[in-house]
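Residue-level structure breakdown
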Amino acid sequence: MNKVLERFSLNGKRALVTGSTQGIGLAIAKGLAESGASVILNGRSAEKLSTAIHQLTAEGHSVEGAAFDVTDPTSVKAAIASLNEGGKPIDILINNAGIHRRAPLLEMTLADWQAVIDTNLTSAFLVSQAVAPGMIERNQGKIVNVCSLMSDLARPTIANYSAAKGGLRMLTRSMCAEWAKCNLQINGLAPGYIETEMTKILVQDEKFDSWIRGRTPSGRWGSVEDLVGAAIFLSSPAANYVNGHLLVVDGGLSVVV
Ligand code: GCO
């Protein structure tokens, strides 16, 4: 393999992608598989997981599934222990699981606040805390936390989401502070406005759609495909000296007024 390709090769690595039965998570999982990784998909729905596994397997990739709830400490510990005991240690962890529960702050229920914090932030703490010991023991590992444009910017009705993604940015830096010395590289990937199930309601809102297209220098919504290269880079040897970084993939939205 030539030197350039080697830098971005994930051959011989095993990657766990949380929340990867659809959308950004599935696209990243597919990209990591195309770069040579064995991929473990995750989701709570066994049916969606099975469909996603069949899709990637049909494309010739090494894929399996781990159905566990990333917000449940017992479920997370059991799932990661089972992978380790099964001789399937995780080399690359993509903390992607995320939900949205939009509401004005004054109307936001505690349940909607807690669900978003649990899924979008606490899950990364739980899964990383379960996976990191093995990486530390092997003195190598990659963790990519899927943050967001909203790790730094806010807009009305998404306080829970922005708080979680802002926290995830600082959790990324904290992981770097504690684990970089063990040759773990922990970085954030920050999507901008990407067309997914989660943003469908915004894409279909003519006013919002037009605002995004005007507000984004690239003049368009992102696609899940736009995120794959950045995820591969952060998961690869090419990023062995990148740590605690937040790689923004937003078409330029966050740097212009
Ligand atoms: C919203 C959007 C954003 C995007 C994304 C941007 O309601 O403003 O859903 O939260 O999903 O997170 O990075």
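Use the structure listed above.
Read on for a plain summary of the structure. The structure presented is a predicted model; accordingly, all values stated were derived computationally and were not measured.

A word on the overall build of the chain. Check the secondary structure of the chain and you find nine helices and seven strands. The C-alpha radius of gyration computed for the chain amounts to 18 Å, which stays within 12% of the reference 18 Å derived for 257 residues, consistent with globular compactness. By principal-axis analysis of the C-alpha atoms, the chain measures approximately 50 × 45 × 40 Å. With 257 residues in all, the chain has 49% of them scored as buried. The long-range share in the chain, meaning contacts at least 24 apart out of those at least 6 apart in sequence, stands at 73%. For the chain, the computed accessible surface area is about 12,000 Å², with 55% contributed by carbon and sulfur atoms. Here the chain carries 23 positive and 23 negative side-chain charges, and the mean point of each set is 5 Å from the other.

In this structure, the largest pocket encloses a volume near 850 Å³. When contributions to the lining of the largest pocket are tallied by element, the ones reaching two or more residues are helix 2 (23-34) and helix 6 (159-179). Counting residues per element, the lining of the largest pocket draws most heavily on helix 2, at three residues. Grouping the amino acids of the lining of the largest pocket by side-chain chemistry returns 16 nonpolar, 18 polar and seven charged. Counted as a void, the second largest pocket has a volume near 190 Å³. Considering the residues around the second largest pocket, the lining is formed by 14 residues, among which K13, Q140, K142, Q185 and N240 are closest to the centre.

Definitions and cut-offs
Residues numbered from 1 in each chain as written. Predicted model: local features only at pLDDT ≥ 70, side-chain atom pairs only at ≥ 80, totals over all residues. Heavy atoms only, no water. Helix = DSSP H or I, 4+ residues; strand = E, 2+ residues; numbered from the N terminus. Rg over C-alpha atoms; globule rule 2.2 N^0.38 Å. Buried < 20%, exposed > 50% of the residue type's maximum accessible area, 1.4 Å probe, protein only. Contact = heavy atoms within 4.5 Å. Areas by Shrake-Rupley, 256 points an atom, 1.4 Å probe, with all protein chains shown as cover. Lys, Arg positive; Asp, Glu negative; His and termini not counted. Charge placed at Lys NZ, Arg CZ, Asp CG, Glu CD. 1 Å grid on protein atoms, 1.4 Å probe; cavity = no way out; pocket = protein on both sides within 12 Å on 5 of 7 lines; lining within 4 Å. Points joined across faces, edges and corners; volume = space filled by probe spheres on them. Nonpolar A, V, L, I, M, F, W, Y, C, P; charged D, E, K, R; others polar.

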